[in-house]
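# Examining the three-dimensional arrangement
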Amino acid sequence: MSSHIVTPGPYRATKLWNEVTKLFRAGMPLKKHRQHFRVYMNCFTASAAVDWLHELLKNNSNFGPDVTRQQTVQLLKKFLKNHVIEDVKGRWGMEDLEDNSQLYRFPSTSPLKTIPNRASVLRKKSISMMDRESFFKFRGSKKFDKEILENVDPEAQESPMGSSSSEMEHCRELAEDDIQVIWKNVTLTHLQKVVGSGSLEDVLDPAQVNPQFIVYNMTKVNKHGVVSLEDKTDDLPHWVLSAMKCLANWPKYDSNQPSYPGFERDVFKTVSDYFYSLSQPLLTYQYYELFVNILGLLQPSLERVAIEALQLCTLLLPPASRRKLQLLLRMTSRMSQNVDMPRLHDVIGTRTLLVQTFSRCVLSCEEVDDLDELLATRLLSFLMDHHQEVLQVPVYLRNAVEDYISYLKSLTAYPGSGVAMPIYSFCRQISTQEFEEQKLSVSQTALADLLESLIKDKTMSVKEKKKKLKLFQKEYPDIYSRRFPTTESEAQLFADKPKIKPPMLLSIKKAKTFSIRN
């Protein structure tokens, strides 16, 4: 039952489905079974499949120990519908599997889901994290000037960098829109650094990130760090807030509220019904792929990285969604730790019930996804355990933005200093052929420079130099032949070396010594 962690990237849910399908097909024990006076070879009972798959999911780091037996049954129903398994009579396509002794088998081939090929789309992306309307680099040093010149529109390079007209054009006060763009770019840059280079590519569209949401979620919070909404029409209804407070503070609820056997279950149903009635999950359909990718970081060794990534991702949410998420996680966390909380279900424990009930309210895909519930369970369980850290305002992000804004504002006070305000720049899109040609040209130039450095190295012995040049010739014959087109030119490298004569040995006779007595 060995498995590997499916790393972040596009279509991670599909990759996880294929991973579980292959593991289940490879590891599920097959036996001989007798049913209705007939013997069936290489099959298994539904209950045995539930037992085996449940253990696999709980021990698989992509899903975690909070996966329930009922969720495993639901996944096996999806397997039957998608023809990963079939009954012993060859029937499939329905979700009528139950946790019983019904016999099932694997078809000749278990179909894997197709992962779309996005190579052509990736080639068209010249900027992975910043959209063209918001991506800019600061011009204020030689380093930044060089980067800008490499990426700026060629027409903009015609005017001198230090001309007064250019300075007057770009030196201006920062507007509110500029500040919001800075918030957006700094947030996405930090997120990119946290999850690793390239991990966000194709799972987050920067053009759809609303910088106003980031600024609001960072600045409009109460003393507990919960978002305060100015427009109360988007807030939780009063009766829902009252019900949530009742459950979070149980048994210290309002004495004016009724008290009868099963009252807490009715209150819980009131809260769950409200969240199920929402038009979107709290993490929104837009960011489904983003949060599914963050699930790849929910490993013990990457816990701090996952917390920081979720901190930044939840800042992208609409303020009303972030507030609802904060209040829901505060309630569920307190309820799961409250030993005085009466049982809300006859069979299922409180924590398991909370995760099962609200997981799809937090994370789900707009299109039906067969692993939605398992992935949402994994994420909600982590959020409940770390909600205070995940949903607090990251101070380091605010400081980074404020420092950058202060730096930009200080430049406007010196318009004649030759330092201009940020300008918008972009990478010119090139064809695949141009990209390959440039890549080849750069690599060959670097190798040619390496060869030249070997030739001119005066500290290296002749024997060692000949040895290294021979290795270079073997690995890169084309580059070597361009440098030494003929054997004569190669021989000339060592032909002109002056021979060092051996030192002259002078025999000096010892002079006679004379004594005074002689």
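Here's what I pulled together on the structure shown here.

Attention shifts here to the sheet that holds strand β1 (residues 31–35). Strand pairing in a sheet is mediated by backbone hydrogen bonds. Such pairs are either parallel or antiparallel. Read across the sheet, four strands follow the order β1-β2-β4-β3 without closing on themselves; strand pairing throughout is antiparallel. The open sheet has two edge strands with one neighbour each: β1 and β3 (86–87). Where β1 meets strand β2 (residues 38–45), four bridges bridge the pair, whose relative direction is antiparallel. Counted as the bridge partner of lysine 31 is cysteine 43 from β2.

This brings us to the packing of aromatic side chains. Applying the stated criterion to the full structure yields 14 aromatic pairs. Between phenylalanine 24 and tryptophan 52 the ring centres are 6.0 Å apart and the planes differ by 50°, which places this aromatic pair in the tilted class. With phenylalanine 24 in helix α1 (residues 12–27) and tryptophan 52 in helix α2 (residues 46–59), this pair connects stretches of sequence that are 28 residues apart. Of the residues examined, phenylalanine 24 reaches a relative accessible area of 0% and is grouped as buried. Ring pairing ties together the aromatic residues Trp17, Phe24, Phe44, Trp52, Phe79 and Phe106, which thus form one cluster. Over the ring of tryptophan 17 we find lysine 113; its NZ or CZ atom is 4.3 Å from the centre of that ring. The aromatic ring of phenylalanine 484 is capped on one face by arginine 483, whose charged end is 4.9 Å from the ring centroid.

Our focus in this paragraph is unusual backbone geometry. Tryptophan 250 connects to proline 251 through a cis peptide bond whose omega is 5°. For proline 251, the position within the fold is in the loop between α9 (238–248) and α10 (263–276). Despite not being glycine, histidine 36 shows a phi value in the positive range, around 55°. Within the secondary structure, histidine 36 is located in the loop between β1 and β2.

We now examine the environment of alanine 448. By the element assignment, alanine 448 lies in helix α17 (residues 432–456). A residue is classified by how much of its surface remains accessible, and alanine 448, at 32% relative accessible area, is partly exposed. Between the alpha carbons of alanine 448 and tyrosine 476 there is a distance of 9.7 Å; along the sequence they are 28 residues apart.

All right, on to the pairing of β2 then. Connecting β1 to the next strand, β2, in antiparallel fashion are two residues, including histidine 36 with a positive phi near 55°. As paired elements, β2 and strand β4 (residues 103–105) share two bridges and run antiparallel to each other. Note on β4: the bridge partner recorded for phenylalanine 44 is tyrosine 104.

Cut-off values and rules
- What you see as residue numbers is a count from 1 along each chain, following the sequence as written.
- The predicted origin of the model limits local features to residues at a pLDDT of at least 70 and limits the giving and counting of side-chain atom pairs to 80 or more, whereas totals for whole chains, interfaces and linings rest on all residues.
- Hydrogens and water are ignored here; the side-chain numbers use all heavy atoms of the structure.
- Here the rule is simple: two strands pair whenever DSSP picks up at least two bridges between them.
- Counting from the N terminus, the helices are DSSP H or I runs at least four residues long and the strands are E runs at least two residues long.
- Whether two aromatic rings pair depends on their centres lying within 6.5 Å, for rings of Phe, Tyr and Trp, where Trp uses its six-membered ring; planes under 30 degrees apart make the pair stacked, over 60 edge-to-face, and the rest tilted.
- Using a 1.4 Å probe on the protein chains alone, a residue whose accessible area is under 20% of its type maximum counts as buried, one over 50% counts as exposed, and one in between counts as partly exposed.
- Any Lys NZ or Arg CZ found within 6 Å of a ring centre and within 35 degrees of that ring's normal is scored as a charge over the ring.

These figures come from the coordinates and say nothing about function on their own.
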